[in-house]
Number of protein chains: 4
Amino acid sequence: MAGNTTGNLFKVTTFGSSHGTALGAVIDGCPAGLKLSAEDIQRELDRRRPGTSKITTPRGETDQVEVLSGIFEGKTDGTPIAAVVYNKDADSSAYKPFRNKPRPGHGDYTWTAKYGTYDYRGGGRGSGRNTIGHVIGGAVAKKLLEELDIQVVAHVTQVADVKAQHLAYSRLAEYVGQNQVRCADQKAAKLMEKKILEAKEKGDSLGGVVETIAFNVPAGLGEPVFDKLDADLARALMGIGAVKGVEIGFGFQLAEATASTTNDEYYLEGEQIKTTTNTAGGIVGGISNGMPIVARMAVKPTPSISSVQKTVDLEKMEETEIQIKGRHDPCICPRVTPVAEAAVAMVLVDHLMRSGFINPRHV
Amino acid sequence: MAGNTTGNLFKVTTFGSSHGTALGAVIDGCPAGLKLSAEDIQRELDRRRPGTSKITTPRGETDQVEVLSGIFEGKTDGTPIAAVVYNKDADSSAYKPFRNKPRPGHGDYTWTAKYGTYDYRGGGRGSGRNTIGHVIGGAVAKKLLEELDIQVVAHVTQVADVKAQHLAYSRLAEYVGQNQVRCADQKAAKLMEKKILEAKEKGDSLGGVVETIAFNVPAGLGEPVFDKLDADLARALMGIGAVKGVEIGFGFQLAEATASTTNDEYYLEGEQIKTTTNTAGGIVGGISNGMPIVARMAVKPTPSISSVQKTVDLEKMEETEIQIKGRHDPCICPRVTPVAEAAVAMVLVDHLMRSGFINPRHV
Amino acid sequence: MAGNTTGNLFKVTTFGSSHGTALGAVIDGCPAGLKLSAEDIQRELDRRRPGTSKITTPRGETDQVEVLSGIFEGKTDGTPIAAVVYNKDADSSAYKPFRNKPRPGHGDYTWTAKYGTYDYRGGGRGSGRNTIGHVIGGAVAKKLLEELDIQVVAHVTQVADVKAQHLAYSRLAEYVGQNQVRCADQKAAKLMEKKILEAKEKGDSLGGVVETIAFNVPAGLGEPVFDKLDADLARALMGIGAVKGVEIGFGFQLAEATASTTNDEYYLEGEQIKTTTNTAGGIVGGISNGMPIVARMAVKPTPSISSVQKTVDLEKMEETEIQIKGRHDPCICPRVTPVAEAAVAMVLVDHLMRSGFINPRHV
Amino acid sequence: MAGNTTGNLFKVTTFGSSHGTALGAVIDGCPAGLKLSAEDIQRELDRRRPGTSKITTPRGETDQVEVLSGIFEGKTDGTPIAAVVYNKDADSSAYKPFRNKPRPGHGDYTWTAKYGTYDYRGGGRGSGRNTIGHVIGGAVAKKLLEELDIQVVAHVTQVADVKAQHLAYSRLAEYVGQNQVRCADQKAAKLMEKKILEAKEKGDSLGGVVETIAFNVPAGLGEPVFDKLDADLARALMGIGAVKGVEIGFGFQLAEATASTTNDEYYLEGEQIKTTTNTAGGIVGGISNGMPIVARMAVKPTPSISSVQKTVDLEKMEETEIQIKGRHDPCICPRVTPVAEAAVAMVLVDHLMRSGFINPRHV
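On a predicted model such as this, the values are computed, not experimentally measured, just so you know.

Novice: Hey, could you go over the relation of the copies chain B and chain A for me, with residue numbers and the actual values?
Specialist: In the superposition of chain B on chain A (RMSD 0.0 Å, axial shift 0.0 Å), the rotation amounts to 180°. Within this description, the copies of the chain are treated as partners about a two-fold rotation axis. Judged by C-alpha distance, B:Arg235 is the residue of chain B that lies nearest the rotation axis, at 2.4 Å. Here 100% of the contact residues of chain B are again contact residues in chain A; the copies associate through an equivalent surface.

Novice: Describe the interface of chain C and chain B, with residues and values.
Specialist: Contacts between the two partners involve 44 residues from chain C and, on the opposite side, 44 residues from chain B. Summing the contributions of chain C and of chain B, the shared interface buries around 3,500 Å²; its carbon and sulfur component is 60%. Looking only at chain C, the three residues that lose the most surface to chain B are C:Met1, C:Leu68 and C:Phe72, adding up to 17% of its buried area. Inspection of the region where chain C meets chain B yields 2 salt bridges. In this structure, the salt-bridge partner of B:Arg99 is C:Glu73, at a minimum N-O distance of 2.8 Å. Scanning the region where chain C abuts chain B turns up 11 residue pairs in polar contact (both at pLDDT 80 or more). Those elements that place two or more of their residues in the side of chain C that touches chain B are strand 2 (11-16), strand 3 (22-28), strand 4 (65-69), strand 7 (81-86) and helix 2 (108-115) of chain C. Counting residues per element, the side of chain C that touches chain B draws most heavily on strand 2 of chain C, which supplies 5 residues.

Novice: Explain the interface of chain B and chain A to me, using residue names and the numbers behind them.
Specialist: Every contact between the two is made by 106 residues of chain B and, on the other side, 106 residues of chain A. Buried area between chain B and chain A, both sides added, is near 8,100 Å², and the carbon and sulfur share of it is 61%. It is B:Phe226, B:Lys244 and B:Tyr266 that lose the most area in chain B upon contact with chain A, and together they represent 11% of the buried surface on that side. Taken together, the links from chain B to chain A amount to 8 salt bridges. In this assembly, chain B and chain A are joined by 53 residue pairs in polar contact (both at pLDDT 80 or more). When the residues that make up the side of chain B that touches chain A are grouped by side-chain class, the tally is 48 nonpolar, 34 polar and 24 charged. In this structure, strand 11 (residues 243-248) of chain A lies alongside strand 11 (residues 243-248) of chain B, joined through 3 bridges in antiparallel fashion.

Novice: Summarise the packing of aromatic side chains; cite the residues concerned and give the values.
Specialist: This model, assessed by the stated rule, comprises 26 aromatic pairs over all chains. Plain terms: the ring middles of C:Tyr109 and D:Tyr266 are 5.4 Å apart, the flat faces sit at 65° to each other, and that makes the pair edge-to-face. Here C:Tyr109, found in helix 2, pairs with D:Tyr266, found in strand 12 (residues 266-269), and the two come from separate chains. With a relative accessible area of 10%, C:Tyr109 lands in the buried category. Where D:Tyr169 meets D:Phe215, the ring centres are 5.6 Å apart and the plane angle is 70°; that geometry is what we call edge-to-face. With D:Tyr169 in the loop between strand 9 (162-163) and helix 4 (172-176) and D:Phe215 in strand 10 (residues 208-215), the pair connects residues that are 46 residues apart, well separated along the chain. In this structure an aromatic cluster arises from ring pairing among A:Trp111, A:Tyr115 and A:Tyr118.

Novice: So, unusual backbone geometry: which residues are in play, and what are the values?
Specialist: At the junction of B:Pro224 and B:Val225, the peptide bond is cis and its omega measures out at 5° in the coordinates. Tracing the backbone shows B:Val225 in the loop between strand 10 (208-215) and helix 6 (229-238). Even without glycine at this site, C:Asp63 takes up a positive phi of about 55°. By the element assignment, C:Asp63 lies in the loop between helix 1 (38-48) and strand 4.

Novice: Can you tell me about helix 3 (residues 131-147) of chain C, naming the residues and giving the values?
Specialist: With 17 residues, helix 3 of chain C extends 25 Å from end C-alpha to end C-alpha; this agrees with the ideal 24 Å at 1.5 Å per step. Backbone geometry just after helix 3 of chain C places C:Asp149 at a positive phi near 65°.

Novice: So what's going on with the UniProt feature "binding site: NADP(+)" (unreviewed entry) in chain A? Residues and values would help.
Specialist: Residue and element names in this part refer to chain A. This chain's UniProt record puts "binding site: NADP(+)" (unreviewed entry) on Arg-48 and Lys-54. Mapped onto the secondary structure, Arg-48 falls in helix 1 (residues 38-48). Arg-48 sits in the buried class, given a relative accessible area of 3%. In this structure Arg-48 touches Asp-63, Gly-128, Arg-129, Thr-131, Ile-132, Val-135, Arg-335 and Pro-338, once residues within four positions along its chain are discounted. Among the structural elements, Lys-54 can be located in the loop between helix 1 and strand 4 (65-69). Dropping the residues within four chain positions of it, Lys-54 is found in contact with Glu-193, Leu-197 and Lys-200.

Novice: An account of the pairing of strand 12 (residues 266-269) of chain B is needed here, citing residue identities and associated values.
Specialist: All names here are of chain B. Of the two faces of strand 12, only the one carrying Tyr-266 and Leu-268 is buried; Tyr-267 and Glu-269 on the other face are not. Across 4 bridges, strand 12 lies against strand 13 (residues 272-275) in antiparallel orientation. Among the inter-strand pairings, Glu-269 is bridged to a residue of strand 13, identified as Gln-272. Hairpin connection of strand 12 to strand 13: 2 residues between the antiparallel strands, including Gly-270 at a positive phi of 65°.

Novice: So what's going on with the confidence of the model for chain A? Residues and values would help.
Specialist: Per-residue confidence for chain A averages 95 on the pLDDT scale, and 98% of its residues sit at or above 70. For this predicted complex, the interface confidence comes out at an ipTM of 0.97, alongside a pTM of 0.97.

Novice: Which residues make up the packing of helix 3 of chain C against helix 8 (residues 333-354) of chain C, and what values do they have?
Specialist: All names here are of chain C. Orientation of helix 3 relative to helix 8, taken along the N-to-C sense of each, is 50°, at an axis distance of 7 Å. By the angle between their axes, helix 3 is oblique relative to helix 8. Considering the relative orientation of helix 3 and helix 8, their crossing is left-handed. Only Pro-338, Val-339, Glu-341, Ala-342, Ala-345, Met-346, Leu-348, Val-349 and Leu-352 of helix 8 make contact with helix 3, whose side of the interface consists of Thr-131, His-134, Val-135, Gly-137, Gly-138, Ala-141, Lys-142, Leu-144 and Leu-145. Of the residues belonging to the contact of helix 3 with helix 8, the class tally is 12 nonpolar, 4 polar and 2 charged.

Novice: So, the UniProt feature "binding site: FMN" (unreviewed entry) in chain A: which residues are in play, and what are the values?
Specialist: Under the UniProt annotation, the feature "binding site: FMN" (unreviewed entry) is placed at A:Arg125, A:Gly126, A:Ser127, A:Gly285, A:Lys300, A:Pro301, A:Thr302, A:Pro303, A:Ser304 and A:Arg327. In sequence the annotated residues extend across 203 residues, and in space they extend as well, their farthest C-alpha pair lying 44.3 Å apart. Within the fold, A:Gly285 resides in the loop between strand 14 (283-284) and strand 15 (287-288). Discounting residues that sit within four places of it in the chain, A:Gly285 has contacts with A:Pro224, A:Lys228, B:Gly107 and B:Trp111. With respect to the secondary-structure elements, A:Lys300 resides in the loop between strand 16 (293-299) and strand 17 (308-313). A:Lys300 sits in the buried class, given a relative accessible area of 15%.

Novice: Before we move on, could you go through the side chain of B:Thr337 and cite the residues and values that matter?
Specialist: All names here are of chain B. Turning to its location among the elements, Thr-337 is positioned in helix 8 (residues 333-354). A distance of 3.2 Å separates polar atoms of two side chains, one belonging to Thr-337 and the other to Arg-182. Those residues in contact with Thr-337 that lie beyond four places of it in its chain are Ala-154, His-155, Val-156, Arg-182 and Val-210.

Calculation criteria
Residues numbered from 1 in each chain as written. Chains lettered and ligands numbered in written order. Predicted model: local features only at pLDDT ≥ 70, side-chain atom pairs only at ≥ 80, totals over all residues. Heavy atoms only, no water. Least-squares fit on C-alpha atoms with pLDDT ≥ 70 in both. Contact = heavy atoms within 4.5 Å. Buried area = accessible area lost by both parts, 1.4 Å probe. Salt bridge = Lys/Arg side-chain N within 4 Å of Asp/Glu carboxyl O. Polar contact = N/O pair within 3.5 Å; in protein donor to acceptor, adjacent residues only side chain to side chain. Helix = DSSP H or I, 4+ residues; strand = E, 2+ residues; numbered from the N terminus. Nonpolar A, V, L, I, M, F, W, Y, C, P; charged D, E, K, R; others polar. Pairing = 2+ DSSP bridges. Phe/Tyr/Trp six-rings, centres within 6.5 Å; stacked < 30°, edge-to-face > 60°. Buried < 20%, exposed > 50% of the residue type's maximum accessible area, 1.4 Å probe, protein only. Expected span 1.5 Å × (residues − 1). UniProt positions renumbered as here; feature names shortened; annotations may be inferred. pLDDT = per-residue confidence, 0-100. Axes fitted to C-alpha atoms, helices over the stretch in contact; angles between N-to-C directions. Parallel < 35°, antiparallel > 145°, perpendicular 65-115°, else oblique. Left-handed = near helix turned anticlockwise from the far one by under 90°.

This is the structure we're talking about:
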């Protein structure tokens, strides 16, 4: 029961590996009648594409999407939307030295332990390139969210020890777009960029934190007791490569708090019930309360670094060393923002459908 | 598509609410031939039962389990295991004031927003009492893990600002049992207990952190790209009431780190591949690597506190105030440890079955 | 991955065995706000209960249902509905001779082949008694169908070589209730009853055909290409014990036909699109067309008969003989009608929810 | 929750429509280490391809498959296998007259009722062409079955009123390949062919029966009480376009029988338990018993015929007439045999995995 499908009503199945023929996704459960074009998907793919700034890997992937099915006369028709990105010019030669010699921090060893084999070329399906599938699914999810006026924005709030200041949400998307780091705090963004370039220089890499916020989500999303909205968000975000922690709202800060200072009290704003604070990040008892949904994820430093590392030769079963050369992201946080948005968007659409906010037959 | 079932091959469906007739669980997918008795389940239920120490709520719930099906001549027979705990003497009168007046921090409002109705008595199904179902499922899961010599232990590592020292894992289970707080560091445990009693005195409550460790898990568990082992653990833990954050291994610490200092390098210990460090918490690329699995969760302060709180009367749609009296846990962390173990145990068994480590027909 | 759950959005999990402590079901996904009582379920259970006429087994099972959860103030509250029937006075002694000696036509051998063990007492979970769970689920499904004015009626159309005449549908439910055989054609009913009593006299048993019709189902139900409405009906009906064939509409008759005589042509009745004939049984391309849904199932003769039969002693691995004594249904068709209705009702509700005709949060 | 995925552990998701860009399938859950090539899939696709004999449609579809992922160095690697067939030269002009005028017997109207839109070109996704996806999935399933020495063969046993004689199974596959009708009884095959050509001449079409047999299936497959092996086979076969009935073993004949003459008694053949007869078609109590699995399906006459038919103009909402010209199969039975094999093969592999007969990680 391999886990390449996510979602219950809005189902996204992804396939493909870094150096195989193609990567792609099949989206099953998108209602008919949604305006959708290849360009809508391409726009999101371009946001995750590398080589667009000096702080990302210079690999020149073009990542052109082709839609194979599911669109009829400019709109979805209720049938599965299949979309593929063919791999071009993948150079596998650089990866030959790692055949049977798992790179620390990558999935090489664990995938081999599981499957008895591993496509060592560029990380195979364990590569960050598999998030092309996420982004395709997320692009369609975002189009559906637009119909309900729901917006999802991810931004980098921390790189190494540089933390962004918390800014008013109202202009978040605008601010995030103003720098390569995708940090809404322009001052912090500059420091982050500097840190990243220093790490790049040393052949090292940095971790960070990405926060994703969903605005205008209606109250009532989430299915207790196991398929809670926060549980599903945690699963989706933790499932992104390199993510090692997830928080909702004030998260781990609440471990140090008292209820008397952090309970979100209710008040009325016109006809609407709101909370005076949002320590809960928009989710209480596993169900959305109408406040902005706030989810943060800890991203570990990209494991591909240039220093010599110890490993084991799986064939000879003896200890050995490897050195990774090549073009890697010194900090994956900026490029992971569209993936985080995609992951959150897919969860939201799935729960909107489960809760009946989206007509499953046609919009 | 209500979410009261968890697991794919080892499926646990739970039901029941705080003040209804009964709570329980149906476990479908447990192989035949496993020695199992009601006592095995009762033992785990007794660990989550309140009223067993001065730092928990004094409510006197006996929580006797009755097994309705699935056991034949002392062993599971491959059919669903249904088990129930009837509610006794639940006193609903204390909850009348909260009818239509949602308590801050509880799911009262969000459940009403979703279902248009809410069983206000004792939190209904949103109550912590619904974890009786988790613990029943976990008890069966643990019996299966025993067959593979896998052990799951949860302990409290933080209460408010008191943090436990990291101890050697070898005697963890033993140390945890030596105090009421379920903290392996006895010194910290005393400070935690003091803090909890102070909060209780004030009618306030505290948050904390619970860490769960799984020993002896084989390499190769986890289904990329969406059903990764860490993703499923995050979902299971975040889905426990009051949990607002989840970390695997070094978690959020990795956001501040460099790969050169945190990549776990491989070495050989006899025939076994191990890592020199375990910043990954036993999971890389979504698949277990054979090292101990380490997952931490942030628990928010119990929202039931004695101070006056602002809320909204949902019927009259006007702002109002409530005051919660009654017997509540000043810090839920100790009582949540068996629930965390249950959640992790169920995820592990499900993945062991998905990966073929457990014969689905009979053990 | 044991298969004791059916449905995707309206999920019914059943448990229990013939001579265990109890049988029951958990229904997850029923919207809140539906008026429901234990009596609604009891009424359906009484229809499948044996011992109510001379053509069924004289076993005196009372089958009293107890609802454990999911109903609050007379209505469903969106949480799982758990209901149980405790077994009373089950006499297992009669089954001792069949321990390790599988009865021909029953699941004794195949269950043992699968699980390595088998609850030989009264057929264990393989017993027809497990349909108590189906009927509980169906009772709730029927209440939901009532809200949409959809009616499901099953009737016996054949017993051995006696075939009922096709009658106008309009008074079907009424006619079916007028005899013990549950055959709408009163003349045929008398012949069927005579045949059944003759078989009973000889210690033999008869097969038959049960037709289930669903009236007023809206067009648009069914999810191609795999979860078609007819595919799901076939699965649900074939899954009932003793069923060996399923037809939709004209079924196997269409194998002998030409399209020029059997294509259902369209016409307008007011604003409504109808077909002049209904050879398709209300389903085309896997999706309902608004005409009555017609599904028939072939029921094999009850395998428990009084003649000596050959079998194998599984322990000694040698050929042997057994003779079944006891109280068995000489033709299960009449008692299977409420089960067929339950199966069809559950499939319809599931598809109504999948197609958005029922609000998943509350009715 | 659109239904374009089938299987639980061996999951096949299909996509694409008759006149869209491409059709294809993604197979998730195939263990690593299975020898697989594009040729293995192409071979099965060629068997369902039209235009290969005078009794099928002369449409010249080449249906070349391209494998996009999941194969590494000649073997599956545990990641999803995606395969596509691009549509070539589809001529949509012939279908313009049917825009908004649903063809009787086709899904045109029901799909429109559901989705509010319909790709009228060549039946869209409702076209028989969507079975390309089934056959891709089935080709991989068959490769897995080969590893367990399990063989699946479908043959035509009836066309209109011509019924094939029952032949010994031992040379079934060989005999089926000796004529275009795919009927093992060569005499009947000739009569069938004659009937089909006569119908073709008249612009009419014929129904028939296809039987699928699986040899060497181990005892113990199937998950009661809802996911029984026969229930899943019924679902898979009924889900194939044009199928209106499914039988297991003696099927509807058992409705007329007595248990004393049809119960399959057990005997020993060496160490193996067998039944003297196989009226059950290899499945008792929903679980396989080790005898050959026998499933038959009723196929309705292809609805595309050349006579004038009544329908409704969905836009103008008035009654009208249409006449279908073009190249259609006068009897779809022969071409549906590889689809039936694929459907049965996928169900078997899924259940073999669910029952632990296939290692889910690698073969």
